[in-house]
Amino acid sequence: MVLEQELRAYIEERMAHYGVPGVAVGVLHGHTTTAFGIGVTNVNYPLPVDDRTLFQIGSTSKTFCGTATMCLVEQGKIDLDAPIRTYLPDLALQDEEVAAHVTMRHALGHASGWLGDYFDDLSDGDDALAQYVTKMAELPQLVPMKTIYSYNNAGFGLAGRVIEVVTGKPYETALQELVFAPLGLAHTYFFAKNVITEKFAVGHLVLDGIPTVVKPWQLPRTANAAGGIIADVRDQLAYAVFHMGDGTAANGARVLSSASIAEMQRPWFSKGYDGEMGVTWHIDDVGGVRVVRHGGATLGQLTAFEMVPEQRFAVTVLTNANRGVELHGDVTRWVKEHVLGISVPKPAHIAVSADALAEYVGTYTGALSHINVTLEGDVLRVQPVAQGGFPSKDDKIVAPPPLPVPVVFIGTDTIKAESEPIKGSVGEFLRSEGGAIAWLRMGGRILQRT
């Protein structure tokens, strides 16, 4: 790629700014591919990152769950719009009406409405997802199905369990047979026993510019359907080629129909300001160009994955530190601008009086974090305060909260953060039928005003 040297220099500058120890990046445009690594895998035992270094891809794993589901749809084993009780007749949820009618499309599209950030280390065995789904009976139903988008990890534990039941195999085996092997993804794994013989990254927490290794290394097995895959950038680009194609693998074998590929990328559920949901894919309009994307965050490993199918373009950025979310945001924007010539238009700021701003002040509570919204003069500020609960419900907070960050309004009830470490993050205040502010959706999650 002509721009590789400039891209390397830009990434190195951003790595130094954020304190991220290692990055792997892959870019595909047309039939030209570039992939490389910068930095080290582990600050304690450093090895150079390259294009075959394995990273945890986090929630991009959800799209693999969706891909496997579509394979089973084509085999006649799953109907996206049939009640999940068709496959799991004993499914119990807090809301019986939801339990009776929730479908795989709801689960794969973050439209189920129950508490989504439930993580639990229940079993390392093949019964992990079965135990997880049993525990889902305790999750509160926050909103009715398909009324308010809220990112939902728990829905993928449920979807993964359906895949196990209809295939008669553990989730990981089913994914290997339905997706990894047919697509030739020889460097894509679930288990540490497979990864340990290769070069792999570990997560880091950056505090005051200093990265330290995060422990444990991996999420519990119960999270595999939602975020457990480990891969390198070469395999991620191969996966992108498949999802920008007609459903055939690189060797010409038919894995999905072109109709199933299109169905996964068809907008189905509005996310409000942040675009649309398909079947596991997030779909955005960026400068008039359709971007299909996902991303992920595990224990100090944060990744981005974006495609522009109409231009056969893809970029993936794998990082090994908590501030990788800022770095991969910078890098994906840079690549889209310099390779495709598209950029995200900067939204106009809307003036809001101090009196009107007072309506938004309060505490908004969620499972993994609370957000305090305060008013200082005529400046509204938000402060995310982590509550623990990740990677398991009993885990404690590992980092102090950031200072309150100023926000500006970019739409009715819509704010954008102006400072690091959440600069550029968008939040939406959601109102009840009576007009009162009931929720703040930030980071894709709804947090209830208390």
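To be clear, the structure that these remarks concern was listed above.
So, a few notes on the structure that sits alongside this text. (Residues numbered from 1 in each chain as written. Predicted model: local features only at pLDDT ≥ 70, side-chain atom pairs only at ≥ 80, totals over all residues. Heavy atoms only, no water.)

**Some points on the packing of helix α5 (residues 128–135) against helix α6 (residues 154–167)**
- Relative orientation of the contacting elements α5 and α6 amounts to 130 degrees, with a least axis distance of 9 Å. Here α6 runs oblique to α5, going by the angle between their axes. Considering the relative orientation of α5 and α6, their crossing is left-handed. The residues of α6 that touch α5, namely those facing L129, A130, Y132 and V133, are A154, G157, L158, G160, R161 and E164.
- In the contact of α5 with α6, the residues fall into six nonpolar, two polar and two charged. (Axes fitted to C-alpha atoms, helices over the stretch in contact; angles between N-to-C directions. Helix = DSSP H or I, 4+ residues; strand = E, 2+ residues; numbered from the N terminus. Parallel < 35°, antiparallel > 145°, perpendicular 65-115°, else oblique. Left-handed = near helix turned anticlockwise from the far one by under 90°. Contact = heavy atoms within 4.5 Å. Nonpolar A, V, L, I, M, F, W, Y, C, P; charged D, E, K, R; others polar.)

**Observations regarding helix α7 (residues 171–180)**
- The element α7 is largely enclosed, with a buried count of seven among its 10 residues.
- Residues Y171, E172, A174, L175, L178, V179 and F180 constitute the buried set of α7. Down the axis of α7, the buried side of the element spans an arc of 160 degrees, and every buried residue falls inside it.
- Here the buried face of α7 lies against α2 (61–74), α5, α6, β4 (188–189) and α9 (224–227). (Buried < 20%, exposed > 50% of the residue type's maximum accessible area, 1.4 Å probe, protein only. Arc of directions from axis to C-beta.)

**Topic: the pattern of salt bridges**
- Per the counting criterion, the structure on display carries 30 salt bridges.
- One salt-bridge network, in which partners are shared between bridges, spans E13, R14, D330 and R333. (Salt bridge = Lys/Arg side-chain N within 4 Å of Asp/Glu carboxyl O.)

**Topic: the packing of α2 against α6**
- Contact geometry for α2 and α6: axes closest at 10 Å, N-to-C directions at 35 degrees. Regarding α2 and α6, the two cross each other, and that crossing is left-handed. The residues of α6 that touch α2, namely those facing K62, C65, A68, T69 and L72, are F156, A159, G160, I163, V166 and T167.

**Focus: unusual backbone geometry**
- Cis geometry marks the peptide bond from K215 to P216; its omega dihedral reads 0 degrees.
- You can see P216 is positioned in the loop between β6 (210–213) and α9.
- Residue E420 is joined to P421 through a cis peptide bond whose omega torsion reads 10 degrees.
- By secondary structure assignment, the location of P421 is in the loop between β18 (414–417) and β19 (426–431).
- If you check the backbone angles, D208 has positive phi at about 55 degrees while not being a glycine.
- You can see D208 is positioned in the loop between β5 (204–207) and β6.
- Owing to a relative accessible area of 82%, D208 belongs among the exposed residues under this scheme.
- Unlike most non-glycine residues, D413 shows phi in positive territory, near 65 degrees.

**Re the packing of aromatic side chains**
- According to the stated counting rule, one finds 16 aromatic pairs in the structure shown.
- Where F119 meets F390, the ring centres are 4.8 Å apart and the plane angle is 80 degrees; that geometry is what we call edge-to-face. Remark: F390 occurs in the loop between β16 (379–386) and β17 (405–411) and F119 occurs in the loop between α4 (104–108) and α5; sequence separation between them is 271 residues.
- Judged by its relative accessible area of 26%, F390 falls in the partly exposed class.
- Between Y360 and F409 the ring centres are 5.0 Å apart and the planes differ by 50 degrees, which places this aromatic pair in the tilted class. Of this pair, Y360 sits in the loop between α13 (354–357) and β14 (362–365) while F409 sits in strand β17; the two residues are 49 residues apart in sequence, bridging distant segments of the chain.
- Here the aromatic cluster, defined as three or more aromatic residues joined through ring pairs, consists of F64, Y171, F180, F190, Y239, W281 and F305.
- Looking at R8, its charged tip hangs above the ring of F36, at a distance of 4.1 Å from the centre.
- Stacked on the ring of F191, the Lys or Arg K193 has its end atom at 5.7 Å from the ring centre. (Phe/Tyr/Trp six-rings, centres within 6.5 Å; stacked < 30°, edge-to-face > 60°. Lys NZ or Arg CZ within 6 Å of the ring centre and 35° of its normal.)

**Things to note about the pairing of strand β20 (residues 437–442)**
- β20 sits mainly inside the fold: six of its six residues count as buried.
- Here five bridges tie β19 to β20, and the two strands are oriented antiparallel to one another. Residue pairing across strands places F429 opposite L440, the latter belonging to β20.
- Taken together, β19 and the strand that follows it, β20, pair antiparallel across an intervening segment of five residues, in which G435 is found at a positive phi of about 100 degrees.
- Here β20 folds back onto strand β21 (residues 445–449) in antiparallel fashion, the turn holding two residues, of which G443 has a positive phi close to 65 degrees. (Pairing = 2+ DSSP bridges.)

**Observations concerning the sheet that holds strand β11 (residues 289–297)**
- Pairing is antiparallel in the open sheet, where eight strands are placed in the order β2-β1-β13-β12-β11-β10-β9-β8. The sheet is open, and its two borders are formed by β2 (32–39) and β8 (269–270), each paired with just one other strand.
- Looking at chain direction, strand β10 (residues 282–286) and β11 are connected through five bridges and run antiparallel. Note that in β11 the partner of I283 across the bridge is V292.

**Thoughts on the pairing of β14**
- Burial along β14 is one-sided: the face carrying G362 and Y364 is buried and the face carrying T363 and T365 is not.
- Bridging between β14 and strand β15 (residues 369–376) involves four bridges; their strand directions are antiparallel. Pairing of Y364 across the sheet is with I371, part of β15.
- In sequence, β14 turns back onto β15 through a hairpin of three residues.
- Examined bridge by bridge, β14 and β21 share two bridges and lie antiparallel to one another. When the sheet's bridge partners are listed, Y364 is paired in β21 with R449.

The quantities given are spatial measurements derived from coordinates; they are silent on function.
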